[in-house]
Amino acid sequence: MTLRKMKLFIPMLALVAACAGAPHGDTGRYADLDGSDWPALTSPMPLDPAMEARIGQIVAGMTLAQKVGQMTQPDVRNITPDQVREFYIGSVLNGGGAWPNMKKDASVAEWAALSAQFHDAALRTDMTVKIPLIWGTDAVHGHNNVRGATMFPHNIGLGAADDVEMMERIGRATAQQVRATGISWVFAPTVAVGQDRRWGRTYESYSSDPQLVARYGAAVVRGLQGELTGDGDVVATAKHYLGDGGTFQGVDQGENRATRAEMITTHGAGYYTALDAGVQTVMATYNSWNDVAAGENHGKLHGDRYVLTDVLKDRLDFTGFVVSDWNGIEQVQGCDKTRCAQAINAGIDMIMVPEDWRAFITNTIADVEAGRIPMARIDDAVTRILRVKMRAGLFDRAVADSRFNGQASAIDVSALAREAVRKSVVLLKNENAVLPLRADARVLVVGASADSMSNQTGGWSLTWQGTENTNADFATGQTLLAALKEQLGDADVTYSADAAGVDVAGYDAVIAVLGETPYAEYNGDVRFPAPVQHSLLHPTDLRVLRAVADKGVPVVTVLYSGRPAYANDLINLSDAFVAAFLPGTEAGGLADVMIGTHHDFTGRLSFVWPGSACSTGEHAGDVVQFARGYGLSYGDRRPVGVLPLPATPARCD
Ligand code: BGC
Ligand code: BGC
């Protein structure tokens, strides 16, 4: 073995050993933390003296401009490869809806070609030691910005599958999709513990149960990162640190008022296990933390040294790097998008400054020169970034040197996604065993969501918001309508999106496919004091269901949603009701469980399902209609009966 290989080999062995020691599904000693203190972790990848010496030498030879460039992360829409070279840029990202040359239909080969341009540029600087680039992407349910890429169910559905082993496979498959495009860093998993259904990012959370989030976080990190240096391995990110799922009234980027003990036991849970699994990067969160009980207001966490450095880097022994969120620095008091000494001093190592990166570089250099940011902090940040790049093998091998690079076949992982759909959909009601449908059933399908890839895939799908997409844009997968036609036969499936004037007579069943329209982040928030009731937010769905209900033909409702919204009115109008969450591109998995007896429903709610429109979570006083863990299988003969319909007030205050 050459010396160079040996240097890589030592930390890799350590990582493999750490993974082997963590049995699947184990949240270990973190499950019963009492909240009195953050757990004292030991990094599964001890610092390798030879690697550290090599990094030290490189950093010692860098100018301030080179160091700051290394810490800067622009969006590919706003920087050219030549500017990457000129400004010594350490990283780029493609934000939601950023594609090569802004072509939504860019091929895998075009992605890989753009990646090669950026990576080559980084190696053509005038630095003594050239530093490879790292490109990050939001592959949050498969490689979701790429046309033709299979998209998995969003996290809320995956949580309902409660299948740690499958999550590791999903991580592997996603990593391979990403490597096909020449990218080696993924901004996932999200280990948010979503506590309020008004939050527009509820669907990005696996569960309101911290232990499920903890098991999943570790599994996805293992799957994405593999050994870090393989053909199909990428660097993973645990996000958004800390407390994104617990903001007051579910306001995205809002104020988390948790006690320290709640932060430790609830919102921290996914980080301990992700760190144990060797996660190499952590993304800071937009929210603030106001520990009201202790009278301690930390403010926006992008600027909080206690959380970013004292807890994460010291107590939890995190040796990778912290990346800020999209313009996240501007929310720190006294900062704007181009300048934030406080965030860097607090412990942010790489700064996501998608647009104003030039001004940011100028201002940060000035802040260091004026002593507002110590050089030691800059050196530490650059050291951490170089460490992750070395651990990921980027210094030793081009990202393009992977058997997946440029391979269109690698982005099709539809069989696995279909399995995930089958396991993630939850049967809430099945009166008189309406489901499963017989393979020879004649059905009437109603509801616009039945033939909508957009409603089926939700936000973070081709575009940031998941809006402005047609079915054809996906170039892969199937809507539920298409899947039903395939499995029941074209002639036995009739479709009416609005159900206007339909006559249900003569059909064996009506299948109503209802759904939210896509959204991401704060655009999906239901703002206080609005009630969270599906039929109020999407009145057309109620009209469609009324047009077919109580007409003597059984009605099976499938609901696409990023949150468990109150839906007793819809459930009462249905004989069977399937909470399908946001299943992604492979609705064939839904048809698989709805038709015939080959597949049963095994999905179980990973969030409480509310029994009133003002019940937004698991807070005191919230009405629970279906508890976490609820879900029917075909053997269950528990009738749901008529659910109560408490009046919905205009305001929930
Ligand atoms: C989101 C992150 C995401 C980043 C880059 C932000 O708005 O909060 O989750 O990784 O954008 O797209
Ligand atoms: C980007 C997203 C990002 C968002 C944040 C969008 O323009 O494409 O990736 O999360 O802005 O506001």
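Residues numbered from 1 in each chain as written. Chains lettered and ligands numbered in written order. Predicted model: local features only at pLDDT ≥ 70, side-chain atom pairs only at ≥ 80, totals over all residues. Heavy atoms only, no water.

1. Notes on the site of ligand 1
We apply this condition: One heavy atom within 4 Å of a molecule or strand is enough for the residue carrying it to be called near that molecule or strand. Each accessible area value is a Shrake-Rupley result obtained with a 1.4 Å probe; residue values ignore everything except the protein chains displayed when judging cover. Under the convention adopted here, Pro, Cys and the residues Ala, Val, Leu, Ile, Met, Phe, Trp and Tyr are nonpolar, Asp, Glu, Lys and Arg are charged, and Gly plus all remaining residues are polar.
The environment of ligand 1 is made up of 14 residues, and the closest members are Asp 138, Arg 201, His 240, Asp 325 and Glu 521. Here ligand 1 has 310 Å² of accessible area as a free molecule, and 97% of this is covered by the chains. Of the residues belonging to the shell around ligand 1, the class tally is seven nonpolar, two polar and five charged.

2. As for helix α13 (residues 357–369)
Let me state the cut-off plainly: Every helix listed is a DSSP run of H or I at least four residues long, and every strand listed is a run of E at least two residues long, numbered separately from the N terminus. An expected span of 1.5 Å times one less than the residue number is assigned to each helix. Burial classes: relative accessible area under 20% of the type maximum marks a residue as buried, over 50% as exposed, and values in between as partly exposed (1.4 Å probe, protein chains only). Here a residue-residue contact requires only that any non-hydrogen atoms of the pair lie within 4.5 Å.
End to end, α13 covers 18 Å across 13 residues, agreeing with the expected 18 Å (1.5 Å per residue, within 8%). All buried positions along α13 are accounted for by Trp 357, Phe 360, Ile 361, Asn 363, Thr 364, Ile 365, Asp 367 and Val 368. Tucked into the core, α13 has its buried residues touching α3 (64–70), β1 (72–73), α4 (81–86), α12 (341–346), β11 (351–352) and α14 (375–391). Once α13 ends, the next one or two residues include Gly 371, with phi positive near 80 degrees.

3. Some points on the side chain of Lys 429
Definition in use: Positive charge is attributed to Lys and Arg, negative charge to Asp and Glu, and no charge count is given to His or to the chain ends. Salt bridges, as used here, are contacts in which a Lys or Arg side-chain nitrogen is within 4 Å of a carboxyl oxygen on Asp or Glu. Think of a polar contact as two N or O atoms within 3.5 Å of one another; within protein, one of them needs to be a possible hydrogen donor and the other a possible acceptor, and neighboring residues in sequence only count if both atoms come from side chains.
Tracing the backbone through its elements, the reader meets Lys 429 in strand β12 (residues 426–430). Despite its burial, Lys 429 pairs with no opposite charge; the closest candidate is Glu 431, at 4.8 Å N-O. At 2.9 Å, the side chain of Lys 429 and the backbone oxygen of Ile 571 are in polar contact. Here Lys 429 is in contact with Ile 571, Asn 572, Ser 574, Asp 575, Ala 576, Phe 577, Leu 632, Val 640 and Gly 641, once residues within four sequence places are set aside.

4. With respect to the domain arrangement of the chain
Interfaces are often described in size by the accessible area the parts lose on coming together. To keep things clear, this is the line we draw: Domains are outlined according to an automatic or database domain assignment.
Taken domain by domain, the chain holds domain 1 (3–410) and domain 2 (425–626). Placing a centre on the C-alpha atoms of domain 1 and another on those of domain 2 gives a separation of 34 Å. Counting every contact that joins domain 1 to domain 2 gives three salt bridges. The partner of Lys 104 in a salt bridge is Asp 473, with the nearest N and O atoms 3.0 Å apart. Counting every contact that joins domain 1 to domain 2 gives 34 residue pairs in polar contact (both at pLDDT 80 or more). When residues of the side of domain 1 that touches domain 2 are assigned to their parent elements, the largest contribution, four residues, is made by helix α6 (residues 155–161). For the side of domain 1 that touches domain 2, a count of residues per class yields 15 nonpolar, 20 polar and ten charged.

5. A look at the layout of surface pockets
We count it as follows: Put plainly, a pocket is an open set of points on a 1 Å grid over the protein atoms alone with protein on both sides within 12 Å along at least five of seven lines, a cavity is a set where a 1.4 Å probe fits but cannot get out, and a lining residue has an atom within 4 Å of a point. Grid points are joined across faces, edges and corners, and a volume is the space filled by probe spheres set on the points.
The volume enclosed by the largest pocket comes to roughly 430 Å³. Lining the largest pocket are 21 residues, and of these Gln 195, Gly 246, Glu 262, His 267 and His 619 sit closest to its centre. The biggest single contributor to the lining of the largest pocket is helix α9 (residues 260–267), with three residues. Classifying every residue of the lining of the largest pocket gives four nonpolar, ten polar and seven charged.

6. Observations concerning the side chain of Ser 615
As for its position among the elements, Ser 615 is in the loop between β18 (609–610) and β19 (624–626). Here Ser 615 falls in the buried class, since its relative accessible area comes to 4%. In this structure the side chain of Ser 615 is engaged in a polar contact, spanning 2.7 Å, whose partner is the side chain of Ser 612. A distance of 2.8 Å separates a polar side-chain atom of Ser 615 from the backbone nitrogen of Val 623. Excluding residues that lie within four positions of it along the chain, Ser 615 makes contacts with Pro 610, Asp 622 and Val 623.

7. Overview of empty space enclosed by the protein
Enumeration over the complete set of coordinates arrives at seven cavities of 30 Å³ or more. Here the largest cavity defines a volume of roughly 150 Å³. As for the largest cavity, its lining consists of 19 residues, of which Ala 139, Val 140, Asn 155, Tyr 206 and Val 220 are closest to the centre. Those elements that place two or more of their residues in the lining of the largest cavity are α6, α7 (164–180) and α8 (210–225). Among the elements that line the lining of the largest cavity, the one with the most residues is α7, at four residues. Of the residues contributing to the lining of the largest cavity, the split by class is 13 nonpolar, six polar and no charged. Computed from the structure, the second largest cavity encloses a volume of approximately 90 Å³. What lines the second largest cavity is a set of 16 residues, and nearest its centre among them are Ser 43, Pro 44, Leu 275, Val 279 and Asp 317. Taken together, the residues that form the lining of the second largest cavity break down as seven nonpolar, six polar and three charged.

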